[in-house]
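Residue-level structure breakdown
The primary structure of each chain is shown beneath.
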2 protein chains.
Amino acid sequence: MRKVRVYITLKQGVLDPEGKAIQTSLHSLDYPEVEDVRVGKYIELQVKEGADLKGRVAQMCEQLLANPVIEDYQIELEGAR
Amino acid sequence: MRKVRVYITLKQGVLDPEGKAIQTSLHSLDYPEVEDVRVGKYIELQVKEGADLKGRVAQMCEQLLANPVIEDYQIELEGAR
């Protein structure tokens, strides 16, 4: 079993209204130092060991986890345990 | 300016219906090796340098970004740039 972490972020240039809303709220909560907020997803998978694990997770991202038109993804495999 | 990464995850024991839905979808897309999926949030902040930057971001998490009753958060500061 291996833990795989997937980070999904909006591509540069794609508007992030949720991030903007958070930024506005942070300003009104008296955190004026926050200059930009981008919101993404963080997905933790527990995957059985197998051939080309990272490649298969990349396929999962393309097919289901991310929207490759507007999102980037990054995959991190944790040491086996 | 400093980039701060915040990872928000559900606490252990808190049900994650979104994760379960993704797992079921992955199984029907022929990825039976996926044994568990947990979904969290990934937030990137650009914050002006200042005193106790990490402490202030922790306060933002407690007040707005996370729900500390059911969620954990982890803060990562990137090198200044």
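Definitions and cut-offs
- Residues numbered from 1 in each chain as written.
- Chains lettered and ligands numbered in written order.
- Predicted model: local features only at pLDDT ≥ 70, side-chain atom pairs only at ≥ 80, totals over all residues.
- Heavy atoms only, no water.
- Helix = DSSP H or I, 4+ residues; strand = E, 2+ residues; numbered from the N terminus.
- Polar contact = N/O pair within 3.5 Å; in protein donor to acceptor, adjacent residues only side chain to side chain.
- Least-squares fit on C-alpha atoms with pLDDT ≥ 70 in both.
- Contact = heavy atoms within 4.5 Å.
- Expected span 1.5 Å × (residues − 1).
- Buried < 20%, exposed > 50% of the residue type's maximum accessible area, 1.4 Å probe, protein only.
- Arc of directions from axis to C-beta.
- Pairing = 2+ DSSP bridges.
- Axes fitted to C-alpha atoms, helices over the stretch in contact; angles between N-to-C directions.
- Buried area = accessible area lost by both parts, 1.4 Å probe.
- Salt bridge = Lys/Arg side-chain N within 4 Å of Asp/Glu carboxyl O.

Take the side chain of Glu44(A) next. Within the fold, Glu44(A) resides in strand E2 (residues 34-47). Engagement of the side chain of Glu44(A) in a polar contact is seen with the side chain of Tyr42(A), the distance being 2.8 Å.

What follows covers the relation of the copies chain B and chain A. Between the two copies, chain B and chain A, the superposition gives an RMSD of 0.0 Å; the rotation angle is 180° and the shift along the axis is 0.0 Å. Here the transformation between the copies is reduced to the relation of a two-fold axis. Minimal C-alpha separation from the rotation axis in chain B is found for Lys41(B), amounting to 2.3 Å. In this assembly, 100% of the residues forming the interface of chain B have copies in chain A that are likewise at the interface, indicating an isologous arrangement.

This next bit is on helix H2 (residues 53-65) of chain A. Because an α-helix packs 3.6 residues into every turn, residues spaced three or four apart end up facing the same way. With 13 residues, H2(A) ought to run about 18 Å at 1.5 Å a step, yet its terminal C-alpha atoms sit only 16 Å apart, falling short of that. Considered for burial, the residues of H2(A) that qualify are Leu53(A), Val57(A), Met60(A), Cys61(A) and Leu65(A). The arc that holds every buried residue of H2(A), seen down its axis, measures 105°, which confines them to one face. Taken together, the buried residues of H2(A) touch strand E1 (2-10), E2 and strand E3 (71-77) of chain A together with helix H1 (17-28) and strand E2 (34-47) of chain B.

Ordered by their spatial adjacency, 6 strands build an open sheet running E3(A)-E1(A)-E2(A)-E2(B)-E1(B)-E3(B), and the pairing between neighbours is antiparallel. Here the strands that pair on one side only, and so sit at the sheet edges, are E3 of chain A together with strand E3 (71-77) of chain B. Strand-to-strand twist of the sheet, defined as the mean angle between neighbouring strand axes without regard to direction, takes the value 25°. The pairing of strand E1 (residues 2-10) of chain B with E2(B) spans 7 bridges and is antiparallel. Each residue of the ladder has a partner; that of Tyr7(B), found in E2(B), is Tyr42(B). In the packing of helix H1 (residues 17-28) of chain A onto the sheet, contacts are made with E2 of chain A together with E2 of chain B, and the angle to E2(A) comes to roughly 125°. Those strands touched by H2(A) are E1, E2 and E3 of chain A together with E2 of chain B, and its axis lies near 150° from that of E3(A).

Across the contact, 33 residues belong to chain B and 33 residues belong to chain A. Counting the surface lost from both chain B and chain A, the interface buries some 3,100 Å², and carbon and sulfur atoms represent 61% of this. When the buried area of chain B at its contact with chain A is split by residue, Tyr31(B), Glu33(B) and Tyr42(B) rank highest and sum to 19% of it. Along the contact surface separating chain B from chain A lie 6 salt bridges. In this structure, Arg56(A) engages Glu33(B) in a salt bridge whose closest nitrogen and oxygen atoms are separated by 2.4 Å. Applying the counting rule to chain B against chain A returns 22 residue pairs in polar contact (both at pLDDT 80 or more). Only E1, H1, E2 and helix H2 (53-65) of chain B provide two or more residues apiece to the side of chain B that touches chain A. The leading source of residues in the side of chain B that touches chain A is E2(B), at 14 residues. The sheet contact formed by E2(A) and E2(B) spans 13 bridges and is antiparallel.

Residues and elements named next belong to chain A. Here the structure, examined in full by the defined rule, presents 16 salt bridges over all chains. Between Arg 2 and Glu 49 there is a salt bridge, with the nearest N and O atoms lying 3.1 Å from each other. Of this pair, Arg 2 sits in strand E1 while Glu 49 sits in the loop between E2 and H2; the two residues are 47 residues apart in sequence, bridging distant segments of the chain.

Let us now look at unusual backbone geometry. Phi at Asp30(B) is positive, roughly 75°, even though this residue is not glycine. Structurally, Asp30(B) is set in the loop between H1 and E2.

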